[in-house]
Amino acid sequence: MIFYSAKDIASRSCMQIKMFQVHPELKPQPTELMKLGSIFQDNVFNETTNTIGQEMGSTYFIDDVGVSFAVDIVCNDKFIETKSVKDETADNTFYFNKCVFQCAIYKTLISLTKGRLSTATFYTNLGNDKKIAIVSPENDYFLRFGKQTYKVDIDNIDVFLKFIKDKVNACSNWDTAKQFDMQYKHKEYEIFSKYITVTKM
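Each value, and the rule that gives it
- Residues numbered from 1 in each chain as written.
- Predicted model: local features only at pLDDT ≥ 70, side-chain atom pairs only at ≥ 80, totals over all residues.
- Heavy atoms only, no water.
- Axes fitted to C-alpha atoms, helices over the stretch in contact; angles between N-to-C directions.
- Helix = DSSP H or I, 4+ residues; strand = E, 2+ residues; numbered from the N terminus.
- Parallel < 35°, antiparallel > 145°, perpendicular 65-115°, else oblique.
- Contact = heavy atoms within 4.5 Å.
- Nonpolar A, V, L, I, M, F, W, Y, C, P; charged D, E, K, R; others polar.
- Core = buried A, V, L, I, M, F, W, Y, C linked by side-chain atoms within 4.5 Å.
- Buried < 20%, exposed > 50% of the residue type's maximum accessible area, 1.4 Å probe, protein only.
- Expected span 1.5 Å × (residues − 1).
- Arc of directions from axis to C-beta.
- Phe/Tyr/Trp six-rings, centres within 6.5 Å; stacked < 30°, edge-to-face > 60°.

*Asks:* Even after reading the chapter, I still don't get the packing of helix α6 (residues 157–170) against helix α7 (residues 174–184), so can you show me in this structure?
*Replies:* One can describe the packing of α6 onto α7 by two numbers: an axis separation of 8 Å at closest approach and a directional angle of 140°. In terms of orientation, α6 lies oblique with respect to α7. Contacts between α6 and α7 involve F163, D166, K167, N169 and A170 from the first element and T176, A177, F180 and Y184 from the second. Grouping the constituent residues of the contact of α6 with α7 by class yields 5 nonpolar, 2 polar and 2 charged.

Now the structure itself:
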């Protein structure tokens, strides 16, 4: 059984995912920016009502491959992905689009796993309690991007599921990974934006 991170599927190139499979020692270590992101997530969690827990997700299985995801904040009535923004006056369009696409992938996986979520192992290993919940996949999915909140909707789960399956299959060897990247790398949002609706709150 091979497992992939849904975050990697949404944001890393096939070639990079393949490289980290072959050379796991090359995986990036936590950075100061990532630590600030965790603090930002905790702050958003503490100011949010009807929360169930943080870093809750599941694994969707495609034959002998598992795609695991964890939503930053799960509530009784919504899901929230948090992204800290270092400079909100800068042009963050590319970063924002990547975050929106990640939300679309996660929203797809929540639907496919029927909203059955539990706390991710990496989060319990940090000393946090394990929580289990069944929430409606139809709950709204929000992106907290710095100070601003956006609602992310998708209108065709099948196209995102196909992307996930195709990328997982492409990661199986270097040649298919390279071919996949030529078609999709840095163009995911551009290609799939017609299936995504982003509403500023």
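Structure shown, so let's carry the discussion forward.
*Asks:* Quick question: what am I supposed to make of the nonpolar core here?
*Replies:* One recurring pattern in soluble globular proteins: nonpolar side chains tend to sit buried together. Core analysis: the biggest nonpolar cluster contains 49 residues, and I105 and F160 have the highest contact counts within it. No other element matches helix α4 (residues 93–112), which puts 10 residues into this core. Counting residues in hydrophobic clusters, the runner-up holds 7 residues, among them F45, I73, C75 and F142.

*Asks:* Would you mind showing me how to read unusual backbone geometry here?
*Replies:* Residues other than glycine predominantly adopt negative phi, and peptide bonds predominantly adopt the trans conformation. Unusually for a residue other than glycine, N50 sits at a positive phi of about 60°. Topologically, N50 is positioned in the loop between α3 (32–46) and β2 (51–62). Residue N50 is classed as partly exposed on the basis of its relative accessible area, which comes to 43%. The phi torsion at K114 lies on the positive side, around 60°, for a residue other than glycine. As for its placement among the helices and strands, K114 is situated in the loop between α4 and β5 (116–119).

*Asks:* How should I be thinking about α3 in this particular structure?
*Replies:* An α-helix turns once every 3.6 residues. As a result, residues three or four positions apart point the same way. Under the 1.5 Å per step criterion, the end-to-end length of α3 is 21 Å for 15 residues, consistent within 8% with the ideal 21 Å. Three or more residues of α3 are buried, namely G37, F40, Q41, V44 and F45. Looking straight down α3, one finds its buried side chains confined to an arc of 135°; they lie on one side. Facing away from the buried side of α3 by over 90 degrees, the exposed positions are E32 and N46. Residues of α3 that are buried sit in contact with β2, β3 (65–75), β4 (78–83) and β7 (140–145).

*Asks:* Hey, could you run me through the packing of aromatic side chains in this one?
*Replies:* All told, the structure shown has 17 aromatic pairs when counted by the stated rule. Measuring from ring centre to ring centre gives 5.2 Å for F101 and F163, while their planes differ by 90°; the resulting arrangement is edge-to-face. With F101 in helix α4 and F163 in helix α6, this pair connects stretches of sequence that are 62 residues apart. Accessibility assignment for this pair places F101 and F163 in one class, buried. The interplanar angle of 40° and the centroid separation of 5.7 Å between the aromatic rings of F101 and F192 together place this pair among those described as tilted. Here F101 is found in helix α4, whereas its partner F192 is found in helix α8 (residues 188–192), with 91 residues between them in sequence. You'll find F101 and F192 in the same group, each marked buried.

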